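# Coordinates in review
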Amino acid sequence: MDTKITLSEKEMPTKWYNILPDLPEPLPAVLHPGTGNPVSPDDLAPLFPMALIMQEFSPESYIEIPEEVQQIYKMWRPAPLIRAYRLEKALGTPAHIYYKYEGVSPAGSHKVNTSIPQAYYNKQEGINRIATETGAGQWGSALALGCQYFDIELKVYMVKISYEQKPYRRIMMETWGAECIPSPSNQTNAGRAVLENDPDCTGSLGIAISEAVEDAATRDDTHYSLGSVLNHVLLHQTIIGEEAMLQMEKADAYPDVVIGCVGGGSNFGGIAIPFIRDKIKNGKKTKIIAVEPAACPTLTKGPYEYDFGDVAGMTPLLKMYTLGHTFVPPPVHAGGLRYHGMSPLVCHLYKLGLVEARAVHQLGTFEAALQFARTEGIIPAPEPSHAIRVTIDEALKCKETGEKKNILLALSGHGHFDLASYEAYMSGKLQDYAYPEDLVKEALTHLPKVD
Ligand SMILES: *Cc1c(COP(=O)(O)O)cnc(C)c1O
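What you see as residue numbers is a count from 1 along each chain, following the sequence as written. Only residues with pLDDT of 70 or above have their local features reported here, since the model is predicted, and side-chain atom pairs are shown and tallied only from 80 upward, although totals for entire chains, interfaces and linings are computed over all residues. Side-chain numbers come from the whole structure's heavy atoms, not from hydrogens or water.

A sheet is described by the order of its strands in space; here 4 strands give the open sequence 8-7-6-9, paired in parallel fashion. Each edge of the open sheet carries a strand with a single partner, namely strand 8 (179-183) and strand 9 (222-224). When strand polarity is set aside, the average angle formed by the axes of neighbouring strands in this sheet is 25°. Two strands form a pair only when DSSP identifies at least two bridges running between them. Per the convention used, a helix needs a DSSP run of H or I reaching at least four residues, while a strand needs a run of E reaching at least two, with both numbered from the N terminus. Where strand 6 (residues 129-134) meets strand 7 (residues 153-159), 6 bridges bridge the pair, whose relative direction is parallel. Paired with alanine 131 across the bridge in strand 7 is lysine 155. It only takes one pair of heavy atoms within 4.5 Å for two residues to be counted as in contact. To obtain each axis, a line is fitted to C-alpha atoms, and for helices this fit is confined to the stretch in contact; angles are then taken between N-to-C directions over 0 to 180 degrees. Contacting strand 6, strand 7 and strand 8, helix 8 (residues 167-175) crosses the sheet at an angle of about 175° to strand 7. Those strands touched by helix 10 (residues 205-217) are strand 6, strand 7, strand 8 and strand 9, and its axis lies near 170° from that of strand 6.

For our purposes a nonpolar core is just a set of buried Ala, Val, Leu, Ile, Met, Phe, Trp, Tyr and Cys residues, chained together by side-chain atoms within 4.5 Å. Only protein chains enter the accessibility calculation, which uses a 1.4 Å probe; a residue is then buried when its area is under 20% of its type maximum, exposed when over 50%, and partly exposed in between. In terms of nonpolar packing, the biggest core is built from 95 residues, with Trp16, Tyr224, Ile276, Leu299, Leu349 and Leu408 touching the most fellow members. Those residues within four positions of isoleucine 276 in sequence are excluded, and the remaining contacts are Ile19, Ile288, Leu349, Leu354 and Val355. Of all hydrophobic cores here, the second largest spans 27 residues; its members include Leu91, Ile259, Val360 and Val390.

Before going further, it helps to examine the packing of helix 15 (residues 362-376) against helix 17 (residues 419-426). Two elements in contact, helix 15 and helix 17, have axes whose closest approach is 11 Å; the angle formed by their N-to-C orientations is 105°. With respect to helix 17, the element helix 15 is oriented roughly perpendicular. Contact with helix 15, carried on its side by Leu363, Phe366, Glu367, Ala369, Leu370 and Arg374, involves Ser421, Tyr422, Tyr425 and Met426 of helix 17 and no other residues of that element. Residue composition of the contact of helix 15 with helix 17, grouped by class: 7 nonpolar, 1 polar and 2 charged. To sort the angles, those under 35 degrees are grouped as roughly parallel, those over 145 as roughly antiparallel, those from 65 to 115 as roughly perpendicular, and the leftovers as oblique. Here the nonpolar group is Ala, Val, Leu, Ile, Met, Phe, Trp, Tyr, Cys and Pro; Asp, Glu, Lys and Arg are the charged ones; every other residue, Gly included, is treated as polar.

Working definition: a disulfide is two cysteine sulfur atoms within 2.5 Å of each other. Across all of its chains, the model carries 0 disulfides by this definition. Here cysteine 261 is not disulfide-linked; the sulfur of cysteine 296 is the nearest cysteine sulfur, at 12 Å. With relative accessibility at 1%, the residue cysteine 261 sits in the buried group. Between cysteine 347, a free cysteine, and cysteine 296, which holds the nearest cysteine sulfur, the sulfur-to-sulfur gap is 12 Å. When its relative accessible area of 0% is taken as the criterion, cysteine 347 is described as buried.

Bringing the packing of aromatic side chains into the picture now. For any two aromatic rings, the description comes down to two numbers: the centre-to-centre distance and the angle of the planes. Two aromatic rings from Phe, Tyr or Trp, using only the six-membered ring of Trp, form a pair when their centres are within 6.5 Å; if the ring planes differ by under 30 degrees the pair is stacked, by over 60 it is edge-to-face, and anything between is tilted. Counted by the stated rule, this structure contains 10 aromatic pairs. Seen in terms of ring centroids, tyrosine 120 and phenylalanine 150 are 5.8 Å apart; in terms of plane orientation they differ by 70°. Their pairing is edge-to-face. Taken together, the residues tyrosine 120 in helix 5 (residues 112-124) and phenylalanine 150 in the loop between helix 6 (138-149) and strand 7 connect sequence positions 30 residues apart. As far as burial versus exposure is concerned, tyrosine 120 and phenylalanine 150 are alike and both buried. Taken together, the aromatic side chains of Tyr120, Tyr121 and Phe150 make up a single cluster linked through ring pairs. In our convention, an over-ring charge means Lys NZ or Arg CZ found within 6 Å of a ring centre and within 35 degrees of that ring's normal. When the ring centre of tyrosine 98 is taken as reference, the NZ or CZ atom of arginine 83 above it lies at 5.6 Å. The residue whose ring lies beneath lysine 284 is tyrosine 254, and the NZ or CZ to ring-centre distance is 4.2 Å.

This brings us to empty space enclosed by the protein. Points on a 1 Å grid, built from protein atoms alone, make a cavity when a 1.4 Å probe fits but cannot get out and make a pocket when they are open with protein on both sides within 12 Å along at least 5 of 7 lines; residues with an atom within 4 Å of a point are the lining residues. Grid points are joined across faces, edges and corners, and a volume is the space filled by probe spheres set on the points. Considering all chains together, one arrives at 3 cavities of 30 Å³ or more under this definition. Considered as a void within the structure, the largest cavity measures approximately 270 Å³ in volume. If you go around the largest cavity, you meet 21 residues; those closest to its centre are Phe48, Leu226, Leu230, Thr315 and Pro316. Within the residue set of the lining of the largest cavity, elements represented by two or more residues are helix 2 (50-56) and helix 10. Within the lining of the largest cavity, the residues separate by chemical class into 17 nonpolar, 3 polar and 1 charged.

Counting buried residues in strand 15 (residues 406-411) gives 6 out of 6 residues, a clear majority hidden from the surface. Burial of strand 15 is two-sided: the residues Asn406, Leu408 and Ala410 facing one way and the residues Ile407, Leu409 and Leu411 facing the other way are all buried. As defined by bridge partners, strand 5 (residues 96-101) adjoins strand 15 across 6 bridges and the pair is classed as parallel. Note on strand 15: the bridge partner recorded for histidine 96 is asparagine 406. Pairing of strand 10 (residues 257-261) with strand 15, which is carried by 3 bridges, proceeds in the parallel orientation.

Put into structure tokens, the structure is as follows:
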């Protein structure tokens, strides 16, 4: 049996899979924050190119990947599927663990799967400037590369604490030609309002989104771009699952369990959605698990409500499991996946029972990351290490029961820029924490009223 199951470039899927028309119940509407009515494509036109807006609501099951995007994808795709022989052996499990490794991209994560088509469609519609936000910098760097390929100017609002503590992602963005400033900044009304209240504010993803949306909404020449959460982002990420499906066929194995971490839901949706198609259409019983941090337990603890995507309440209202748009995870949390909400599509699939969710703690997550690094070699990013935790737990269950399950894991990126978190863990400085119940309770008092 091969360790690495690869596809040739000719075998790379040429279409993204859109699950919307196959859903057993339609996705709840996205609402306009002013009127409370469903948004129309025109409402979104100041922010996104029409091609992406059409994808957001598309009734087509398959959408052709543009030739130019395919050409760029092929610089590192198809991404390898790797059998974790050494991890299996260390665990003494009869389970077979396969991981789909997205860290082979130039930006080191799956996010380029969407940053490249997003830059492409913007360029097609004559847009030469984009504004976006980034947390730890993975999305900002992925979009910087996408914009570089298509000669688009990019401004990135980066959460201030990361900007100060993690200079390397900023330097990557600058290397690929983008401008990156700390958020909250004094360059937008949203940023100035936050700073007036709290001059030392270290920022949050919700604030940075408000700044980037305002930048794009107030300039005719600028669009906005989001690296997760929205349907078109998950659509682009289905290349991961479509490839993995072909690779599992080559390995003559079908996954019993598919596991991915969820921040906004894009890498998880990317690997899981083609297998969910098999559940809906072919009655497959695959267990599909979304893993989140106990510090930001959106699916496992949040109510299913309409909420804003950002702190300032400028985005459309999305029906999702949410901890409240003003929620910021406790500062001891080092593992990413900090967004207060979740992809409405992932939430809907969860609501329908097609996927399950688990929350895992920080120390167990880093313990799993270290075990993975010391057996498989790849140093995983903290985000997919949450999924590694559950993968190891599932494999250990198989050891008890003797079941020979096939487990498929989305390894969304490498952790080469997250070594400070590894150091904190190895030197015993990383703490665990209980579910931040008081923070969530407070944030949920700010949920918008929707009839
Ligand atoms: C951004 C990121 C995530 C979380 O985002 P999703 O949209 O939930 O995938 C996970 N892993 C890596 C490596 C990331 O860069």
